[in-house]
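This is what each chain is made of:
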Amino acid sequence: MMTDDEKLWYRDATFYEVPVRSFYDSNGDGIGDFRGLTMKLDYIKSIGMDCIWLLPFYKSPLRDDGYDISDYYSILPEYGTTEDFEKFVEEAHSRGIKVIADLVLNHTSDQHQWFKEARSSRDSKWRDWYVWSDTPDKFNGARIIFVDSEISNWTWDHVAGQYFFHRFYSHQPDLNYDNKEVREGMKDVIRFWLDKGLDGFRCDAVPYLFKREGTDCENLPETHAYFKEIRAMIEKEYPGCILLAEANQWPNNAKEYFGNQDEFHMNFNFPLMPRIFISLSKEDSFPIENIINETLPIPEKCDWGVFLRNHDELTLEMVTDEERDLMFREYAKVPKMRLNLGIRRRLAPLVDNDRSILELLHALIMSVPGSPIFYYGDEINMGDNIYLGDRNGVRTPMQWSFDRNAGFSHADSEQLYSPVITNPNYHYESNNVESMSRLSTSFLNWFRRMIIVRKQNSRVLGRGTIRFIGSDQKQILAFIREYGKEKMLCVYNLSRSPSYVELHLPEFNGWHLREAISSVRFPDIGELPYFFTLPRHSYFWLIMEAPDENS
Ligand code: NOJ
């Protein structure tokens, strides 16, 4: 049995997002699998990750990389067997690593037996499991999400003789959550996988489950009520397991998914992510500071998942038109870099592989409120391939070594599910785990050290409050994290030029400062403002000690 405090594990944890397909191929068929992933658990442990988030691994025609599920109860054969999955979870647990997995509730693949039955006849018991209409104009307040590929949320189905509703691709019919059997059916899916040892779910596309005429069909009270039912079930039957929401919304709507600590444990901080890049480009701390203030407070036992990139395009749905233009201008200069309302690039190429910026961004994401969620490969500054379709350019094989196929697979390279990255600036011959592990100055080893420092300060950085320290230097972002007696001062220079700043810290007169990574003692805080000089794109993490401690 977990104690109440142990149940809050997600508040201090580091998360690692992994597609099984992309990590390691154990049987040489060119596709990553569970056995391969299991073989690489020691690596995941070595970079200090506490929880793995698995992308969908269920049976699927793979027209949306597994987010189009055709059977919730079985594993895609290419990825292995149920036993392989169970063994993987067991091995992860034995290393103290938790595992959560994607749960796709909103829609299925059109290849799912439920949909096949539903479309076959109006009298089928499954008909009502999906959302049908004789005309394509119901729910026209619902926005289209994949604007580059879909022109409507309705698609005519010749077999059914009706239109069906889909929020995403037209091969992903939405389930009808007004149907009790659908609601209960999905609870069974949840139980099935939690019984196999999962520690929770990343719940896909949560805002869209229920649809109501005259609304935008997002964030409806019925949707919240259903997730509260799921949460209650988890509390009762699987205490200690978590629900992480993918609710890409404006701050007020996003916060609602925490409920009164009775809905989601976590939610991705989608509002923060693009504003980090905006702040960087404008050399202005305001967008970050403002959005963090807007996304707080949240209930004590809840937490944001903070991230820089993931497997999708860098979404710009929840920014103003002006901000989106700025993002495209700065970070997607070539049209192929754009997709829908976003940018389909990996982190390192987004910032032109600038080591200082990459360190700054990672330090930032490890020190703002929330648990950091890293995307596989970003710790080795993996590049992308914008010439692959859809979002495949950011889903290429993990780069393990300078061997054939980046050490990912023994298959012929033509057989790989995706080519490896060979662009000279990001070539797998240099950007790989083995080479970068050997080099003490590599980004990978820097990342490992920073994760250790984050863990040493996991309470204050994981659970502490945040207070911004203003100054007359807009390119400087400064804040104090505070948890009980623990305090950390974090200062970032978002500018491409060196900067100075005077921070007014009158209430800390006499306090000591110790640099968190090296433990080097800095001058004490005095009566005068504290003066910092910072090289371009640099930061300080400083542990604050009261005058009577270790003086
Ligand atoms: C969100 C997922 O992150 C994305 O990859 C997927 O295409 C859509 N949901 C539809 O399931």
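Chains are numbered independently. Their residues run from 1 in the order of the written sequence. Local features in this predicted model are restricted to residues of pLDDT 70 or higher, and side-chain atom pairs are both shown and tallied only at a pLDDT of 80 or more, whereas totals for entire chains, interfaces and linings draw on every residue. Only hydrogens and water are set aside when side-chain values are computed; all heavy atoms of the structure are taken into account.

A. Representation of the pattern of salt bridges in the model. We define a salt bridge as a side-chain nitrogen of Lys or Arg found within 4 Å of a carboxyl oxygen belonging to Asp or Glu. Per the stated rule, a full pass over the model turns up 48 salt bridges. R21 serves as the salt-bridge partner of D65, at 3.8 Å between the closest nitrogen and oxygen. With a gap of 44 residues between them, D65 in the loop between β3 (58-59) and β4 (71-75) and R21 in helix α1 (residues 20-23) connect regions that are remote in the sequence. Of the charged contacts in the structure, one is a salt bridge between D178 and R212, with a shortest N-O distance of 2.8 Å. Of this pair, D178 sits in the loop between β8 (162-165) and α6 (180-195) while R212 sits in the loop between β9 (200-204) and α7 (221-237), and the two are 34 residues apart along the sequence. Exposure is judged per residue with a 1.4 Å probe applied to protein chains only, and the accessible area is read against the type maximum: over 50% gives exposed, under 20% gives buried, and values in between give partly exposed. Among the residues examined, D178 registers a relative accessible area of 44% and is labelled partly exposed. Numbering of helices and strands runs from the N terminus; a helix is a DSSP stretch of H or I covering at least four residues, while a strand is a stretch of E covering at least two.

B. A look at the environment of M39. Among the secondary structure elements, M39 is positioned in helix α2 (residues 34-39). In this structure, the C-alpha to C-alpha distance between M39 and G526, residues 487 residues apart in sequence, is 53 Å. Residue contacts are defined here by distance: any two heavy atoms, one from each residue, within 4.5 Å place the two residues in contact. Setting aside chain neighbours within four positions, we find M39 in contact with Y24 and S26.

C. Focus on the site of the ligand. The rule for a residue being near a molecule or strand is that one of its heavy atoms must lie within 4 Å of it. Taken together, D64, Y67, H107, F146, F168, R202, D204, E246, H311, D312, R391 and R395 make up the full set of residues adjacent to the ligand. In protein, a polar contact means a hydrogen-donor-capable atom and an acceptor-capable atom, both N or O and within 3.5 Å, with residues adjacent in sequence counting only if both atoms are side-chain atoms; elsewhere, any N or O pair within 3.5 Å suffices. A distance of 2.7 Å is found between an oxygen atom of the ligand and a side-chain nitrogen or oxygen belonging to D64. Between R202 and the ligand, the recorded distance is 3.1 Å, taken from a side-chain N or O atom to an oxygen atom. All accessibility values rest on the Shrake-Rupley procedure with a 1.4 Å probe; residue burial counts only the protein chains present in the view. For the ligand, whose accessible area on its own is 300 Å², the fraction buried by protein is 97%. Ten residues, namely Ala, Val, Leu, Ile, Met, Phe, Trp, Tyr, Cys and Pro, are considered nonpolar, four, namely Asp, Glu, Lys and Arg, are considered charged, and the remaining ones, Gly among them, are considered polar. Split into classes, the residues belonging to the shell around the ligand amount to three nonpolar, two polar and seven charged.

D. Main features of the nonpolar core. To form a nonpolar core, buried Ala, Val, Leu, Ile, Met, Phe, Trp, Tyr and Cys residues must be joined to one another through side-chain atoms within 4.5 Å. If you look at the biggest cluster of nonpolar residues, it comprises 162 residues, and the most contacted ones within it are Y16, Y43, L54, F57, Y492 and W541. Top element by residues in this core is helix α13 (residues 355-367). It accounts for eight residues. If we ignore the near neighbours within four places in the chain, the residues touching Y492 are L360, A363, L364, S367, Q475, I476, L477, F479, S538, Y539 and W541. If you look at the next biggest cluster of nonpolar residues, it comprises 20 residues, including A478, L503, Y530 and L534.

E. Broad picture of the pairing of β8. By the convention used here, strands pair only if DSSP detects at least 2 bridges between them. Note that strand β6 (residues 132-133) and β8 share two bridges and pair antiparallel. In the strand pairing of β8, S133 is matched with Y163. Across four bridges, strand β7 (residues 154-157) lies against β8 in antiparallel orientation. When the sheet's bridge partners are listed, W154 is paired in β8 with F165. Once β7 ends, the chain turns through four residues before running back antiparallel as β8, passing G161 with a positive phi of about 70°.

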